[in-house]
Amino acid sequence: MSELPDGWALVALEEIGSWGSGGTPKRTDSRFYSNGTIPWLVIGDLNDGIVTHAQTYITEEGLLNSSAKLLSPKTLLFAMYGSIGKLGITGTECATNQAIAFCVPDQEVVELRYLFYALKNAKDELNAQGKGVAQKNISQTILKAYQVPLAPRKEQKRIADKLDTLLTRVDACRDRLDRVPPILKRFRQSVLNAATSGELTKYWRSNSQKDGVKELNGLPVDWQICMLTEIAEVIDPNPRHRNPQYFQSGFVFLSTAQFGEIDGWDLTQVKYVNEETVLEQEARCNFHDGSLAFSRKGTIGKVRKLPINIRFALLDSVCVINTLDQRSSDYLRIALEAEFVQEQVSRLTRGVALKQVSVGDVRSLQIPLPPLDEQHEIVRRFRSLIAVVDNCQARYQNALMRVNQLTPILLNK
């Protein structure tokens, strides 16, 4: 830490308040919990703000027969297990379990909100001192020995007031940014729906002197509804539905787990298979540039273009779709993700623990199909509009990164 201003000092936490921790009444004794009226906090109840509610309540008898202590409002709370450094300030009388340390600040020495922000700023350092493998924890001994920079009492209040104002603005900014992804998702879905209903190319058809009158099914007159098997081959890459032997390296084994958030493939965590498995699937599936993967288990109905820069095999949670008769695979992908097809997928989905659609159900999907030249125009317009979405998404991610950096920067300053 750089040299402190005049009048500041590094002070151990044990010197600026009374510390302790809670306890847990015997879980098997219903007298300690039944009809309890005392909020009993666990780490999951901490919210890095004012805590007024608890998942669990205990009785007076539970409080007296355990090491839990009744805490008054405006007591600082600090998580010592798992989520080390998660904070709270009691907004009502309550008790805590032993995983939460509490501090009643010496009001002549430290402003509660200043201490709260000082500990929020120290979270990473304190977390680094945690011990344990499955769940890291920090002891009260380490916590109380930790030193925080302490400003003069009046300056603490000014700092806390300023942080209250600035961090409220940061939170408001983050809340506004949180509205962006749903808007982009809705826009993308609107474009998909317009692409497969004829709306996206409505004026293109007029300029091309094509008949723009719609049939009773709501599609342009020269469009048709086709079964997927009429325009594409739908292949089960793993008809025996068994997992192959995995290896430490080799060829990538793809499943729906590798479907990227919006597009593409996430290959950060993959399993590997040998060349024999890959060759067997390549012979069955005829993978090529334009082959599509359709998820039919778990997260159903997502479509991805299969990669051409790597050799791979597929789990049976995915089926392969290859277009026929020079149809546009790019248009087919758009159609498969549009609401018209996705509603069919929802109706065909079966199962409770593991939801899925059969390969036969995928083959039976009804696809709105325009003439080939219009398919290409739809793809061109779709890509142009989605490029706008991608640009907005990139700007959103950049803005979110900057906003997330503001809180630690402000606390440090």
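Heads up: the structure comes first, above all this text.
Residues numbered from 1 in each chain as written. Predicted model: local features only at pLDDT ≥ 70, side-chain atom pairs only at ≥ 80, totals over all residues. Heavy atoms only, no water.

Trainee: Honestly, the nonpolar core in this entry has me stumped. Any pointers?
Mentor: Buried together is how nonpolar side chains tend to be arranged in soluble globular proteins. In terms of nonpolar packing, the biggest core is built from 38 residues, with Leu 228, Ile 321 and Leu 336 touching the most fellow members. Contacts of Ile 321, omitting those with residues within four sequence positions, involve Leu 228, Ala 232, Glu 233, Val 234, Gly 290, Ser 291, Leu 292, Phe 294, Leu 332, Leu 336 and Val 362. Formed by 37 residues, the second largest nonpolar core is a distinct cluster that contains Ile 84, Ala 122, Tyr 146 and Leu 163. (Core = buried A, V, L, I, M, F, W, Y, C linked by side-chain atoms within 4.5 Å. Buried < 20%, exposed > 50% of the residue type's maximum accessible area, 1.4 Å probe, protein only. Contact = heavy atoms within 4.5 Å.)

Trainee: Just checking my understanding: could you explain the sheet that holds strand E16 (residues 303–305) for this structure?
Mentor: What holds strands together in a sheet is hydrogen bonding between their backbones, with the strands either parallel or antiparallel. With antiparallel pairing, the four strands of this open sheet are ordered in space as E12-E18-E15-E16. Two strands close off the open sheet at either side, each with one partner strand: strand E12 (232–235) and E16. This sheet shows a mean twist of 25° between the axes of neighbouring strands, independent of strand direction. Sheet analysis places strand E15 (residues 292–295) next to strand E18 (residues 318–323), joined by four bridges and oriented antiparallel. (Pairing = 2+ DSSP bridges. Helix = DSSP H or I, 4+ residues; strand = E, 2+ residues; numbered from the N terminus. Axes fitted to C-alpha atoms, helices over the stretch in contact; angles between N-to-C directions.)

Trainee: Explain the side chain of Glu 337 to me, please; I cannot follow it from the model alone.
Mentor: Summarising the element assignment, Glu 337 is placed in helix H10 (residues 329–337). Under the relative-accessibility criterion, Glu 337 is labelled buried at 11%. Excluding its chain neighbours within four sequence positions, the residues that come into contact with Glu 337 are Arg 188, Gln 189, Leu 192, Val 303, Arg 304 and Gln 342.

Trainee: Just to check I follow, could you spell out the pairing of strand E13 (residues 251–254) for this structure?
Mentor: Two faces make up the sheet, and in a regular strand the side chains alternate between them. One ladder, built from three bridges, connects E13 with strand E14 (residues 271–273); its direction is antiparallel. Paired with Val 252 across the two strands is Tyr 272, which belongs to E14. Here E13 pairs with strand E17 (residues 312–314) via three bridges, running parallel. Residue pairing in the sheet places Leu 254 in a bridge with Leu 314 of E17.

Trainee: Please explain the packing of aromatic side chains as it appears in this structure.
Mentor: Here the distance between the centres and the angle between the planes together describe a pair of aromatic rings. Inspection of the entire model under this criterion finds five aromatic pairs. On the numbers, 4.9 Å between centres and 80° between planes, the contact of Phe 259 with Trp 265 is edge-to-face. Residues Phe 259 and Trp 265 agree in their burial class; the two are buried. Seen in terms of ring centroids, Phe 287 and Phe 312 are 4.8 Å apart; in terms of plane orientation they differ by 45°. Their pairing is tilted. Taken together, the residues span a long stretch of sequence, with Phe 287 in the loop between helix H9 (275–285) and E15 and Phe 312 in strand E17 at a distance of 25 residues. No difference in accessibility class separates Phe 287 from Phe 312, as the two residues are buried. (Phe/Tyr/Trp six-rings, centres within 6.5 Å; stacked < 30°, edge-to-face > 60°.)

Trainee: What am I meant to see in the packing of helix H5 (residues 153–178) against helix H6 (residues 180–195) here?
Mentor: Packed helix pairs are characterised by how far apart their axes lie and by the angle those axes make with each other. Viewed as axis vectors pointing N to C, H5 and H6 meet at an angle of 15°, and their least axial separation amounts to 5 Å. Of the possible angle classes, the one that applies to H5 and H6 is roughly parallel. Contacts from Arg 176, Leu 177 and Asp 178 of H5 reach H6 at Val 180, Pro 181 and Pro 182. The residue makeup of the contact of H5 with H6, split by class, is four nonpolar, no polar and two charged. (Parallel < 35°, antiparallel > 145°, perpendicular 65-115°, else oblique. Nonpolar A, V, L, I, M, F, W, Y, C, P; charged D, E, K, R; others polar.)

Trainee: Would you take a moment to explain the pairing of strand E9 (residues 100–105) for this structure?
Mentor: Where burial is concerned, most of E9 is hidden: five out of the six residues are buried. One ladder, built from five bridges, connects strand E2 (residues 17–21) with E9; its direction is antiparallel. Bridge pairing in E9 links Ser 21 to Ala 101. In this structure, strand E6 (residues 76–79) lies alongside E9, joined through four bridges in antiparallel fashion. Its bridge partner being in E9, Phe 78 is matched across the sheet by Ala 101.

Trainee: Would you explain the sheet that holds strand E5 (residues 56–58) in this entry?
Mentor: If you walk across this open sheet you meet the three strands as E5-E3-E8, and the pairing is mixed. Because the sheet does not close on itself, it has two edges, and the strands there are E5 and strand E8 (95–96). Relative to E5, strand E3 (residues 38–41) is paired through three bridges, and the arrangement is antiparallel. Looking at E5, one finds that Pro 39 is bridged to Tyr 57.

Trainee: Help me understand the pattern of salt bridges in this model?
Mentor: Oppositely charged side chains may form a pair once their charged atoms are brought near each other. With the rule as written, the count across this model stands at 21 salt bridges. As a salt-bridge pair, Glu 61 and Arg 31 come within 2.8 Å of each other at their nearest N and O atoms. Pair noted here: Glu 61 is in helix H1 (residues 60–64) and Arg 31 is in the loop between E2 and E3, with a separation of 30 residues, a long-range link. The class of Glu 61 is partly exposed, set by a relative accessible area of 32%. A relative accessible area of 47% means that Arg 31 is categorised as partly exposed. Across the pair Glu 275 and Arg 311 runs a salt bridge whose closest N-O atoms are separated by 3.4 Å. One end of the pair, Glu 275, is in helix H9; the other, Arg 311, is in the loop between E16 and E17, and 36 residues separate them in sequence. Among the residues examined, Glu 275 registers a relative accessible area of 38% and is labelled partly exposed. A single salt-bridge network, built from bridges that share partners, covers Glu 111, Arg 113, Arg 153, Lys 157, Asp 161 and Asp 164. (Salt bridge = Lys/Arg side-chain N within 4 Å of Asp/Glu carboxyl O.)

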